[in-house]
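Each chain, letter by letter, is given below.
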Amino acid sequence: MVSSTSEKSVVYGACPHDCPDTCSMLITVDNGRAIKVEGHPDHPFTRGTLCGKVSDYLDRVYSPDRILYPMRRVGPKGSGQFERISWDAALDEIAVRFKQIVNDYGSEAIMPSSYLGHEGLLNGLTVGDAFFNRLGATIAERTFCISCTSTAYLMTYGPTHGTDPDTFSHSKYIILWGCNALSTNVHLWPFIKEARKNGAKLVVIDPVRTRTAQQADWHIPVRPGTDGALALGMMNVIINENLIDADYVEKYTVGYEELKERVNQYPPEQVAEITGIPVEDIVTLAREYASTQPSVIRIGVALEKQAGGGQGVRAISCLPALVGAWRHLGGGMLQAPMWPFPIRGEVVHRPHFIKPGTRVVNQWQLGRALTGELELNPPIKALFVYNCNPVTQSAEQDKIVAGLAREDLFVVVSEHFMTDTADYADLVLPSTTQVENLDLMFSWGHTYVTLNLPAIAPLGEAIPNTELFRRLAARMGFEDECFQLNDEELTMEVLDWSTPVMQGLDMALLKQQGYAKLKIEAVPHAEGNFPTPSGKCEFLSSMKVDSNYVVPVFRQGYEEYPLGEPIDPLPNYTPQRESVQSNPELAKRYPLSLLSAKPHQFINSCFANLPKHLKLQGEPRVIINPEDAAKRGIVEGQVVEVFNDRGAFQVSAKVSDNTRPGIVVAPLGYWRKLSHAGNTINAATAATFADMGHAAAVGDALVEVVAIG
Ligand code: SF4
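Fair warning: this is a prediction, and the values are worked out from it, not measured in the lab.

A. Region of the structure containing the packing of aromatic side chains. Using the criterion set out here, one finds 26 aromatic pairs in the structure. With 6.3 Å between their ring centres and 90 degrees between their planes, Phe 98 and Phe 410 make a pair best called edge-to-face. Of this pair, Phe 98 sits in helix 2 (residues 87–105) while Phe 410 sits in strand 17 (residues 410–415), placing them 312 residues apart in sequence. Judged by its relative accessible area of 1%, Phe 98 is buried. One aromatic cluster in this structure is built from Phe 98, Phe 131, Phe 132, Phe 353, Phe 384, Tyr 386, Phe 410, Phe 469, Phe 478 and Phe 483.

B. View of the site of the ligand. Inspection of the region around the ligand gives Cys 15, Cys 19, Asp 21, Thr 22, Cys 23, Leu 50, Cys 51, Val 54, Val 186, His 187 and Ile 603 as its neighbouring residues. Across the shell around the ligand, the residue classes tally to eight nonpolar, two polar and one charged.

C. Focus on the sheet that holds strand 16 (residues 382–386). Spatially, six strands are ordered 6-5-18-17-16-7 in an open sheet, and the strand pairing comes out mixed. Of all strands in the sheet, those bounded by a partner on one side alone are strand 6 (82–84) and strand 7 (110–114). For this sheet, the mean angle separating the axes of adjacent strands, direction not counted, is 20 degrees. Each of strand 16, strand 17 and strand 18 (427–430) touches helix 18 (residues 465–476); the most contacted strand, strand 16, lies at about 150 degrees to it.

D. Layout of the sheet that holds strand 11 (residues 218–220). Reading across from one edge, 11-10-9-13-14 is the order of the five strands in this open sheet, with parallel pairing throughout. Two strands in the sheet have a free side with no partner beyond their single neighbour: strand 11 and strand 14 (332–334). With direction set aside, neighbouring strand axes in the sheet form an average angle of 20 degrees.

E. Highlighting helix 2. Across its 19 residues, helix 2 extends 26 Å between first and last C-alpha, which sits within 8% of the 27 Å expected from 1.5 Å per residue. Where the residues of helix 2 are buried, they touch strand 7, helix 3 (129–135), strand 16, strand 17, strand 18 and helix 18. Positive phi appears at Gly 106, one or two residues downstream of helix 2, with a value of about 100 degrees.

F. Focus on the packing of helix 8 (residues 227–240) against helix 12 (residues 279–291). Interaxial distance between helix 8 and helix 12 falls to 9 Å at its minimum, and their mutual angle equals 65 degrees. Classified by the interaxial angle, the pair formed by helix 8 and helix 12 is roughly perpendicular. The two elements helix 8 and helix 12 meet at a crossing, and its hand is right-handed. Along the contact surface, helix 8 presents Leu 230, Gly 233, Met 234, Val 237 and Ile 238, while helix 12 presents Ile 282, Val 283, Leu 285, Ala 286, Arg 287, Tyr 289 and Ala 290. When the residues that make up the contact of helix 8 with helix 12 are grouped by side-chain class, the tally is ten nonpolar, one polar and one charged.

G. Seen up close, the pairing of strand 10 (residues 201–205). Across the five residues that make up strand 10, a large majority, four, are buried. Bridging between strand 10 and strand 11 involves three bridges; their strand directions are parallel. Bridge assignment links Val 204 to a residue of strand 11, and that residue is His 219.

H. How the structure looks around the nonpolar core. Of all hydrophobic cores here, the largest spans 123 residues; its most connected members are Trp 177, Leu 285, Leu 322 and Leu 440. Sort the elements by how many residues they give to this core and helix 8 lands first, with nine residues. Apart from the residues within four sequence positions on either side, Leu 440 is in contact with Gly 120, Leu 121, Leu 122, Val 449, Thr 450, Leu 451, Thr 491, Val 494, Leu 495, Trp 497 and Leu 510. In terms of nonpolar packing, the next biggest core, distinct from the first, is built from 37 residues, Trp 364, Leu 383, Tyr 424 and Ala 687 among them.

I. Molecular detail of helix 11 (residues 268–275). For helix 11, every residue scored as buried is listed here: Pro 268, Val 271, Ala 272, Ile 274 and Thr 275. Axial view of helix 11: buried residues confined to an arc of 165 degrees, hence all on one face. Against helix 8 and helix 12 lie the buried residues of helix 11. Gly 276 sits one or two positions beyond helix 11 and adopts a positive phi of about 80 degrees.

J. How the structure looks around the packing of helix 8 against helix 13 (residues 309–322). Interaxial distance between helix 8 and helix 13 falls to 7 Å at its minimum, and their mutual angle equals 30 degrees. Here helix 13 runs roughly parallel to helix 8, going by the angle between their axes. As for how helix 8 packs across helix 13, the hand of that crossing is left-handed. Mapping the contact onto sequence places Asp 227, Gly 228, Ala 231, Leu 232, Met 234, Met 235, Ile 238 and Ile 239 in helix 8 and Gly 312, Ala 315, Ile 316, Cys 318, Leu 319 and Leu 322 in helix 13. Broken down by class, the residue content of the contact of helix 8 with helix 13 amounts to eleven nonpolar, two polar and one charged.

K. Local environment of the side chain of Ser 171. As for its placement among the helices and strands, Ser 171 is situated in the loop between helix 4 (147–157) and strand 9 (173–177). Those residues in contact with Ser 171, other than ones at most four positions away along the chain, are Ala 195, Ala 200, Pro 294, Val 296 and Gly 330.

L. Geometry of the pattern of salt bridges. The tally for this structure, following the rule as stated, stands at 44 salt bridges. For the salt bridge of Arg 73 with Glu 407, the shortest nitrogen-to-oxygen distance reads 3.8 Å. Of this pair, Arg 73 sits in strand 5 (residues 71–73) while Glu 407 sits in the loop between helix 17 (397–404) and strand 17, and the two are 334 residues apart along the sequence. The salt bridge partner of Glu 493 is Arg 344, with a shortest N-O separation of 3.9 Å. Placement of Glu 493 in helix 19 (residues 487–493) and of Arg 344 in the loop between strand 14 and helix 14 (345–348) is noted, with a sequence separation of 149 residues between them. Classification of Arg 344 by relative accessible area gives partly exposed; the value is 25%. Taken together, the shared-partner salt bridges connect Arg 73, Lys 77, Glu 407 and Asp 426 into one network.

M. Region of interest: unusual backbone geometry. Going from Gln 293 to Pro 294, the amide bond is cis rather than trans, its omega being 0 degrees. Mapped onto the elements of the fold, Pro 294 is located in the loop between helix 12 and strand 13 (295–299). A cis amide bond links Asn 377 with the next residue in sequence, Pro 378, at an omega value of 5 degrees. By the element assignment, Pro 378 lies in the loop between helix 15 (366–370) and strand 16. Even without being glycine, Thr 22 reaches a positive phi, approximately 40 degrees. Within the element layout of this structure, Thr 22 appears in the loop between strand 2 (8–14) and strand 3 (24–30). Residue classification places Thr 22 among the buried positions, given a relative accessible area of 2%. In this model, Glu 375 sits at a positive phi of 50 degrees, which is unusual for a non-glycine residue. Positionally, Glu 375 belongs in the loop between helix 15 and strand 16.

Conventions adopted
- Residues numbered from 1 in each chain as written.
- Predicted model: local features only at pLDDT ≥ 70, side-chain atom pairs only at ≥ 80, totals over all residues.
- Heavy atoms only, no water.
- Phe/Tyr/Trp six-rings, centres within 6.5 Å; stacked < 30°, edge-to-face > 60°.
- Helix = DSSP H or I, 4+ residues; strand = E, 2+ residues; numbered from the N terminus.
- Buried < 20%, exposed > 50% of the residue type's maximum accessible area, 1.4 Å probe, protein only.
- Near = heavy atom within 4 Å.
- Nonpolar A, V, L, I, M, F, W, Y, C, P; charged D, E, K, R; others polar.
- Pairing = 2+ DSSP bridges.
- Axes fitted to C-alpha atoms, helices over the stretch in contact; angles between N-to-C directions.
- Contact = heavy atoms within 4.5 Å.
- Expected span 1.5 Å × (residues − 1).
- Parallel < 35°, antiparallel > 145°, perpendicular 65-115°, else oblique.
- Left-handed = near helix turned anticlockwise from the far one by under 90°.
- Core = buried A, V, L, I, M, F, W, Y, C linked by side-chain atoms within 4.5 Å.
- Arc of directions from axis to C-beta.
- Salt bridge = Lys/Arg side-chain N within 4 Å of Asp/Glu carboxyl O.

What follows is the structure, encoded as structure tokens:
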């Protein structure tokens, strides 16, 4: 707590949303009611500001639409008709149904479904892992984002935080690669601004002229899924023009000769054909990047969402070592600086409960799993959803809805609001918001641990996710010690407080200032020291991975995986599955590449039901280039249908050259029931994977667009 009088107090909080910034917050409480949420002014990275999504977080907390009591379905599935019941009745019903299903079909007939609707180490991604692993449920693989970039990055550098974002202001050449920082990593922007004030150049590589691209010194509109080819072409120029840092390459990398041979297959002329970027731009980019130090590359999450996303990130990640960018303060690369957080996997997942051979089902394929397309044996008979909204956020939306509508599927949803998914629940359970619970936050955008203290008592009968799984464990008769730990005890258990990066950092410090920085080096790789098997940057990777390898954190801590296709240990270029170039037959019917974009006012599907955010964001619109619009007789504002063989959704048209011909961009996050014709972008996306980490290949889809209004 920051301060307290007899009536008012100010309490440390932390934003729980799926965002790399993990803002430190101050919550003012007056007579038990939270009256103000603001950014913590002292936090060195988030610097006292919250984005527009969360600055009025209390509208969310006190929304009249909040779910505050357990509810049981009384109407048809999907009708949204529920009646209030007691917690005892809800827990009893879950326990009875789960025990019956285990008895009739086996425990793998039960599947959890969860993601980063909450990022806390207590209430977030892993909160249900101990319970479901103990139950013997199907393991739900959670690879919606960064499972692919993480694999590619680890293959090159190992688990290093990379360039500390706090040092970006020292950079002289900044590349935001597939990263719309102004909408999705907003607290990095002041550091970039500072660097630019000191003469740095900002380059944005993105198929779309995003808000960030519009602010850049140079926007390079690469074709979707061809980023790896562009990076290979840059390396071709850098090597052939002898712009490498030969000393750095010699001392601190392995596989240079093999890399050289590989990049010689990607001359700029060929790369221009693939990427749609002129030869002279590829050459200029390579020369500027190599010769302006410190240079830094910030990669976004979108890069991986392609058939060849992993190899693309592999190629990009080789660039900083090739030019010796790691030598300098503010130089190198930033993927997700979460790797040094000493999160104790044995605590957050309790993987020792898992029996070898337990079934794994990827949530990106939930629709296929629920509709029988995956031919699962036993079939999924119960789905327990928390911290996510798969109807809007997973692929092949029509299949998910059809699966959830199955009368024989028992569905439980723990939520704040009646989402599209909750509408299909048999039981809906009320969960607390971040101002009502204790949590400890890691970050995938900076290197601070942040504390979130409960500021107010839970509203209605809402409970934290931690308490939900304690109660469920008790109902199921699980007496293991881990289910007896209260939240204060969990905060001490989830991190390894004794590791060097936690030196000088303890709970007393967190309670005193609300956050604390990990003890990491500002220039970690000036002399190599990469945490790879060789201790060097591995252009030729020695990491034993194949296409089925998934970092355990994305699969409830489970480390076994079936053998997949071998992964080329050298960076390579893999074309999209669906593009005009790679699949001309399909492109005859569906000639436009579909990309999804995160709306500025939403975080995934969070906030997309709140009136203020919906009004500010406006109706869902597909951005279409004027050339493509004219060919189809589409005019600004017209209602159009975007479709392919998987499904269709309706939006209005935004005719703009912010996207290049052949590419349309539609928003992700709008709720289905609040949208035109009741479908959203994931009706048209495919439940296919990228080349690494089973990542969701959401950006690899062809569609057609027709005017209907
Ligand atoms: S969503 Fe991101 S930028 Fe907004 S308050 Fe939360 S952490 Fe900060």
